[in-house]
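Geometric and topological summary
Here is what each chain is made of, one letter per residue.
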Amino acid sequence: MELKIELTTAPKELPNQDALGFGRIFTDHMFEMDYEEGKGWHNARIVPHHDFNLNPANATLHYGQAIFEGLKAYRTPDNRITLFRPTENMKRLNNSARILCVPEFDEEFVLDCLKKLVAIDERWIPSKPGTSLYIRPYIFSTDPYLGVSVGKQYKMAIILSPVAAYYAAGFAPVRIKVEDKYVRAVIGGTGEAKTAANYAASLHGDYVAHQEGFAQTLWLDGIERKYVEEVGSMNIVFKINGEIITPELTGSILPGITRKSVLEVVRSWGMKATERRITIEEVFEAAKNGTLEEAFGTGTAAVISPVGELCWKGESIIINGGKTGETAQKLYDTITGIQTARLEDPFGWVIEVPKA
Ligand code: COI
């Protein structure tokens, strides 16, 4: 398929790198591609960033057939542009597509378009440590139809946003509420897809947790409210007695790319890393007997986010004195070092984007 390119005639002013925050500033261009039953994916284009013109009956607004991805472009100290494991994001988006009955797309072609888009908006990639250009590919149904059914028309888009840390507190340890009433996902549902529905399901619990002064919610399994799942904006990892433990992928947890990378990195350091079901009771018990050394979240937006406190049914545990643990710090330095090519990449995870 051909990729059409229309450049903006009104480039925007670049934002102050000290005040990027997360996800509110957008670059000059975006990628779009449409799907129609019988015609397939067509009309791939890079165009000026713009609003969509939506039919009020747009099926996504009513029934949520929407999937997305998150990855980042980095500026290296010698001014090259890198992406971290982008083929994994393409694979995961197609996996989400299968779960949500969205038509699959050509991963190689879309990744190529994504690289071209990043190269065109290269001046937006910030250079300050801890910043990057967040890339949001997504697909949603565009059928103007109020019947509940799988769509026949879709739009794929990729938008770009220069960002700093996801949490307002930056890399500082966050306070997290373990949710014992609401659930995010259940096995057999959409939990492992990156789909709007999972985030919608988390909003009320997150809202209550914020009102109570917590930064995020740690979700438990939807059936027994017993096993640790994930935080919604990131996967969760514990260090207990020197061993790295993260919940295994049961189908209701997002298969995080940073999660997978963390497991590979710590194993390369000779540490034991285990994926298994872990109960919240075990985590609290380990805190009480002094073997819970660290807890941290992993994600594209969150990178590595230390957890300083967990509160479950009104009982709190303070982890590592509420401070960033040495493994979380070392992982943050290693993963961001590899992403920005400040460190060697022994895993072959980083690819360079050719400049426009
Ligand atoms: C990401 O880490 O890219 C995410 O999608 C998490 C969140 C911003 C929804």
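Cut-offs applied
- Residues numbered from 1 in each chain as written.
- Predicted model: local features only at pLDDT ≥ 70, side-chain atom pairs only at ≥ 80, totals over all residues.
- Heavy atoms only, no water.
- Axes fitted to C-alpha atoms, helices over the stretch in contact; angles between N-to-C directions.
- Helix = DSSP H or I, 4+ residues; strand = E, 2+ residues; numbered from the N terminus.
- Parallel < 35°, antiparallel > 145°, perpendicular 65-115°, else oblique.
- Left-handed = near helix turned anticlockwise from the far one by under 90°.
- Contact = heavy atoms within 4.5 Å.
- Nonpolar A, V, L, I, M, F, W, Y, C, P; charged D, E, K, R; others polar.
- Salt bridge = Lys/Arg side-chain N within 4 Å of Asp/Glu carboxyl O.
- Buried < 20%, exposed > 50% of the residue type's maximum accessible area, 1.4 Å probe, protein only.
- Domains from an automatic or database assignment.
- Buried area = accessible area lost by both parts, 1.4 Å probe.
- Polar contact = N/O pair within 3.5 Å; in protein donor to acceptor, adjacent residues only side chain to side chain.
- Near = heavy atom within 4 Å.
- Expected span 1.5 Å × (residues − 1).

**Thoughts on the packing of helix H2 (residues 86–99) against helix H3 (residues 107–120)**
In contact at an axis separation of 10 Å, H2 and H3 are set at 125° when each is read in the N-to-C sense. Classified by the interaxial angle, the pair formed by H2 and H3 is oblique. Judged by the sense of rotation from one axis to the other, the crossing of H2 with H3 is right-handed. Every residue of H3 that contacts H2 at Pro86, Thr87, Met90, Lys91 and Asn94 is listed here: Glu107, Val110, Leu111 and Leu114. Residues belonging to the contact of H2 with H3 are distributed by class as follows: 5 nonpolar, 2 polar and 2 charged.

**As for the pattern of salt bridges**
With the rule as written, the count across this model stands at 27 salt bridges. With a closest N to O distance of 2.9 Å, Glu122 and Arg75 form a salt bridge. Of this pair, Glu122 sits in the loop between H3 and strand S7 (132–141) while Arg75 sits in strand S5 (residues 71–75), placing them 47 residues apart in sequence. According to the relative accessible area criterion, Arg75 is buried, its value standing at 14%. Measuring nitrogen to oxygen at the nearest pair gives 3.0 Å for the salt bridge that ties Lys177 to Glu212. In this pair, Lys177 is assigned in strand S9 (residues 174–178) and Glu212 in the loop between helix H4 (196–211) and strand S10 (216–218), connecting sequence segments 35 residues apart. Residue class for Lys177 comes out buried when judged on its relative accessible area of 11%. Overall, the relative accessible area of 41% leaves Glu212 in the partly exposed class. One salt-bridge network, in which partners are shared between bridges, spans Glu32, Asp34, Arg45 and Lys155.

**Considerations on the domain arrangement of the protein chain**
For an interface, size is often stated in terms of accessible area lost upon the parts coming together. Domain boundaries in the protein chain define domain 1 (4–163) and domain 2 (174–339). When each unit is reduced to the centre of its C-alpha atoms, the spacing between domain 1 and domain 2 is 27 Å. At the junction of the two partners, domain 1 supplies 22 residues and domain 2 supplies 20 residues. Carbon and sulfur atoms make up 59% of the surface buried where domain 1 meets domain 2, a total of about 1,800 Å² over both sides. Its largest share of buried area at the contact with domain 2, domain 1 owes to Phe68, Phe84 and Arg92, together 34% of the area lost on that side. Linking domain 1 with domain 2 are 2 salt bridges, by the criterion used here. The shortest N-O distance in the salt bridge between Arg85 and Glu264 comes to 3.5 Å. Counting every contact that joins domain 1 to domain 2 gives 12 residue pairs in polar contact (both at pLDDT 80 or more).

**Focus on the site of the ligand**
Neighbouring the ligand are Phe68, Gly70, Tyr134, Arg136, Tyr166, Lys194, Tyr199, Ser233, Thr300 and Ala301. Tyr134 is positioned such that a nitrogen or oxygen atom in its side chain is 2.6 Å from an oxygen atom of the ligand. At a separation of 2.8 Å, an oxygen atom of the ligand approaches a polar side-chain atom of Lys194. Counted by class, the shell around the ligand contains 5 nonpolar, 3 polar and 2 charged residues. Two domains each provide a minimum of three residues to the shell around the ligand, namely domain 1 (4–163) and domain 2 (174–339).

**A look at the side chain of Thr279**
Structurally, Thr279 can be placed in the loop between strand S13 (273–275) and helix H6 (280–288). Within polar-contact distance, the side chain of Thr279 engages the backbone nitrogen of Glu282 at 3.0 Å. In contact with Thr279, not counting residues within four places along its chain, are Lys226, Tyr227 and Val228.

**Details of H4**
Between the first and last C-alpha of H4 there are 23 Å, a value that for 16 residues agrees with the 22 Å anticipated at 1.5 Å per step. Among the residues making up H4, those that are buried are Asn198, Ser202, Gly205, Asp206 and Ala209. The inward-facing, buried residues of H4 contact S9 and S10. Directly after H4, the chain includes Gly213, whose backbone phi takes a positive value near 95°.

**Points about H3**
Between its terminal C-alpha atoms H3 stretches 20 Å, which fits the 20 Å expected from 14 residues at 1.5 Å a residue. N-cap assignment for H3: the residue whose side-chain oxygen lies 3.1 Å from the backbone N of Glu108 is Asp106.

**Some details on the packing of helix H5 (residues 257–268) against helix H7 (residues 326–339)**
For the pair H5 and H7, the least separation of the axes is 11 Å and the interaxial angle reads 110°. Judged by the inter-axis angle, H5 sits roughly perpendicular to H7. Residues Ser261, Val262, Val265 and Val266 of H5 pack against Leu331, Thr334 and Ile335 of H7. For the contact of H5 with H7, a count of residues per class yields 5 nonpolar, 2 polar and no charged.

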